[in-house]
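Listed here are the chains, written in short residue letters.
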Amino acid sequence: MTTIEAIVPDVAERAIAIRREIHRFPELGFEEERTASIVERELDDLGIEHRRIAKTGVVGIVRGALPGKVAGLRADMDALPLDERSGESFSSEVPGKMHACGHDAHTAMLLGAARVLQADRANLHGTTVLLFQPAEEGPGGALPMIEAGAMDDPKIDAVAMLHVDVRLATGEVGFIAGACNAAADEFHITITGVGGHGASPHTAVDTIPCAAATVLALQNIAARETDPLKTIVVTIGTIEGGYRNNIIADRVHMSGTFRTQDAQIRAEIEGRARRIVENVAAAYGASATLEVIWGYPAVINDAQLASTFRSYLATETTLRVTSPAPTMGAEDFAYFAERAPGLLIRHGIRSEAAGSVHPGHSALFRVDEDALAYGIAALVAFARGVGAGVVSGGLAAP
Ligand SMILES: [Zn+2]
Ligand SMILES: [Zn+2]
């Protein structure tokens, strides 16, 4: 049997070159002009039709010669605002910007998959929609692409993405059914009291002890108010307030993040937090406001899609397929997976030899480029399987 990986070595070599080209010039969300033009250049070279969408997004379409379903494959293209210290020879040439989350590899692998699918169009069932997305790291490019019709023409039956993951070794991919990451929602709390002299607390309303009590009380949401089998994180990331050691602070501002997997728990969290924030403030004679800025929802992998794809990979590839634990990170692929059966596939890049051991968002982050061939194989398998109707979603997640 010829496995899918067997047909990708020269394609992988090309993908590595493209990845390095993108890596040297990282671009932040909605600034991916250069990256989008590399994508367009490659698609033109392959004779794949494409269109611009959502400013710097690109949608390409591979039309198989045989009838079938429509698979969507999504790759994000944006970088992060940090200085690279990976030591790679093709490190970022842009100060303060780095591909530290592997989106350069995602884009290059999707171009590699496009190359394989286009070359074998005569045997391809259905259509593959290539979704090159801007701004995953913020403010979010998935929704603007969807709102501009990226999933509608043609209508996508099932959609997948890869994300590099140092928890998995090169040669492995992994996914689970159901929630595989978390909704990430930001919040801001402002506590207002009355300032005064540090020697005369009775003449003031001190917001510092009120802030301390608020931080502790908010943990009650996770510790006492939520089903312990349903995951939730409440993190206060910043506290600012006060002027000097002997001045009573009249104002404290705090910010933090809520992480949830369950939609019901997410829907209730603002009310719970508001009750605590306002009533703790009242108990201290202060007042407080809470603002929640809703972020990406959790990615819910379609259960049937996960199981049919797992079977397909077992017969068509030699990839080792694992079931990695969910994370509490966030990913705006969630919006695609809300509109079609979706699958977030974690793509192993761990290699001590390649120095590919640092987590994403680290300045030391490296990608083991030997892993790209396996990622391309997984993407090609998804497109073929969905196109042929062998890999399909539709059952609700557990
Ligand atoms: Zn990231
Ligand atoms: Zn990422």
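The coordinates are above.
Just so you know, these numbers come straight off a predicted model, no measurement behind them.

Let us now look at the coordination of the zinc ion (ligand 1). At 2.0 to 2.2 Å from the zinc ion (ligand 1) lie its protein donor atoms, namely Cys-101 (SG), Glu-137 (OE) and His-361 (NE2). All donors to the zinc ion (ligand 1) come from one chain, and their sequence spacing reads C-x35-E-x223-H. In this structure the zinc ion (ligand 2) is found 3.1 Å away from the zinc ion (ligand 1), and Cys-101 serves as a bridging donor for the pair. Taken together, the residues Glu-137 in the loop between strand 4 (125-133) and helix 4 (142-147) and His-361 in the loop between strand 16 (342-350) and helix 9 (372-387) connect sequence positions 224 residues apart. Judged by relative accessible area, Glu-137 falls into the partly exposed class, the value being 27%.

Coordination sphere of the zinc ion (ligand 2), protein contribution only: Cys-101 (SG), His-103 (NE2) and His-163 (NE2), at 2.1 to 2.4 Å. As a motif over one chain, the donors of the zinc ion (ligand 2) read C-x1-H-x59-H.

The next point concerns the nonpolar core. Membership of the largest hydrophobic core comes to 66 residues, with the highest contact counts inside it found for Leu-43, Phe-132, Phe-309, Leu-343, Ile-376 and Phe-382. Look past the residues within four positions of Phe-309 in its chain and what remains in contact with it is Phe-175, Leu-343, Ile-345, Ala-378, Ala-381, Phe-382 and Val-391.

The side chains of a regular strand alternate between the sheet's two faces. Across the 7 residues of strand 2 (residues 57-63), 6 count as buried, placing the element largely inside the fold. Relative to strand 2, strand 1 (residues 49-53) runs antiparallel, the two being bridged by 5 bridges. Bridge assignment links Arg-52 to a residue of strand 2, and that residue is Val-58. Counted along the chain from strand 1 to the antiparallel partner strand 2, the turn is 3 residues long, and its residue Ala-54 has a positive phi close to 50°. Both strand 2 and strand 4 contribute to a ladder of 6 bridges, which runs antiparallel. Bridged to Arg-63 within strand 4 is Thr-127.

Counting buried positions along strand 4 yields 8 of 9 residues, so the element is predominantly enclosed. Bridging between strand 3 (residues 66-76) and strand 4 involves 8 bridges; their strand directions are parallel. Residue pairing across strands places Ala-75 opposite Phe-132, the latter belonging to strand 4. For the crossover from strand 3 across helix 3 (residues 103-119) to strand 4, the handedness is right-handed.

A separate point is the environment of His-99. With respect to the secondary-structure elements, His-99 resides in the loop between strand 3 and helix 3. A C-alpha to C-alpha distance of 32 Å links His-99 and Ala-314, two positions 215 residues apart in sequence. With residues up to four places along the chain from it excluded, the contact list for His-99 reads Ile-22, His-23, Pro-26, Glu-27, Met-77, Asp-78, Ala-79, Asp-104 and Phe-365. From its side chain, His-99 meets the backbone nitrogen of Asp-104 in a polar contact 3.4 Å long.

Looking now at empty space enclosed by the protein. Summed over the entire model, instances satisfying the criterion amount to 3 cavities of 30 Å³ or more. The calculated volume of the largest cavity comes to roughly 40 Å³. When contributions to the lining of the largest cavity are tallied by element, the ones reaching two or more residues are strand 3 and helix 3. Top contributing element to the lining of the largest cavity by residue count: helix 3, with 3 residues. Class assignment of the residues belonging to the lining of the largest cavity gives a composition of 5 nonpolar, 1 polar and 1 charged.

Read from one edge to the other, the open sheet built from 4 strands follows the order 10-12-8-13, with strand pairing classed as antiparallel. Each end of this open sheet is capped by a strand with a single partner; those strands are strand 10 (232-241) and strand 13 (287-293). Within this sheet the neighbouring strands show an average axis-to-axis angle of 20°, counted without direction. Strand direction decides the pairing type here: strand 8 (residues 183-192) and strand 13, joined by 7 bridges, are antiparallel. Counterpart to His-188 in the pairing with strand 13 is Glu-291. Taken strand by strand, helix 5 (residues 207-225) contacts strand 8, strand 10 and strand 12 (251-260), and its axis lies near 170° from that of strand 10. Helix 6 (residues 263-283) rests against strand 8, strand 10, strand 12 and strand 13 of the sheet, and its axis sits at about 160° to strand 13.

In this section: the pattern of salt bridges. Throughout the structure, instances matching the rule amount to 29 salt bridges. Between Arg-41 and Glu-42 there is a salt bridge, with the nearest N and O atoms lying 2.9 Å from each other. Given a relative accessible area of 36%, Arg-41 falls into the partly exposed group. Assessed through its relative accessible area of 3%, Glu-42 is described here as buried. Here Asp-76 makes a salt bridge to Arg-74, at a shortest N to O gap of 3.4 Å. Of the two residues examined, Asp-76 and Arg-74, each falls in the buried class. When salt bridges with common partners are traced through the structure, they connect Arg-14, Glu-21, Arg-41, Glu-42, Asp-45 and Arg-115 into a single cluster.

Definitions and cut-offs
- Residues numbered from 1 in each chain as written.
- Chains lettered and ligands numbered in written order.
- Predicted model: local features only at pLDDT ≥ 70, side-chain atom pairs only at ≥ 80, totals over all residues.
- Heavy atoms only, no water.
- Donors = N, O, S within 2.8 Å, 3.2 Å for Na, K, Ca; no water.
- Helix = DSSP H or I, 4+ residues; strand = E, 2+ residues; numbered from the N terminus.
- Buried < 20%, exposed > 50% of the residue type's maximum accessible area, 1.4 Å probe, protein only.
- Core = buried A, V, L, I, M, F, W, Y, C linked by side-chain atoms within 4.5 Å.
- Contact = heavy atoms within 4.5 Å.
- Pairing = 2+ DSSP bridges.
- Right-handed = clockwise from strand over helix to strand, strands pointing away.
- Polar contact = N/O pair within 3.5 Å; in protein donor to acceptor, adjacent residues only side chain to side chain.
- 1 Å grid on protein atoms, 1.4 Å probe; cavity = no way out; pocket = protein on both sides within 12 Å on 5 of 7 lines; lining within 4 Å.
- Points joined across faces, edges and corners; volume = space filled by probe spheres on them.
- Nonpolar A, V, L, I, M, F, W, Y, C, P; charged D, E, K, R; others polar.
- Axes fitted to C-alpha atoms, helices over the stretch in contact; angles between N-to-C directions.
- Salt bridge = Lys/Arg side-chain N within 4 Å of Asp/Glu carboxyl O.

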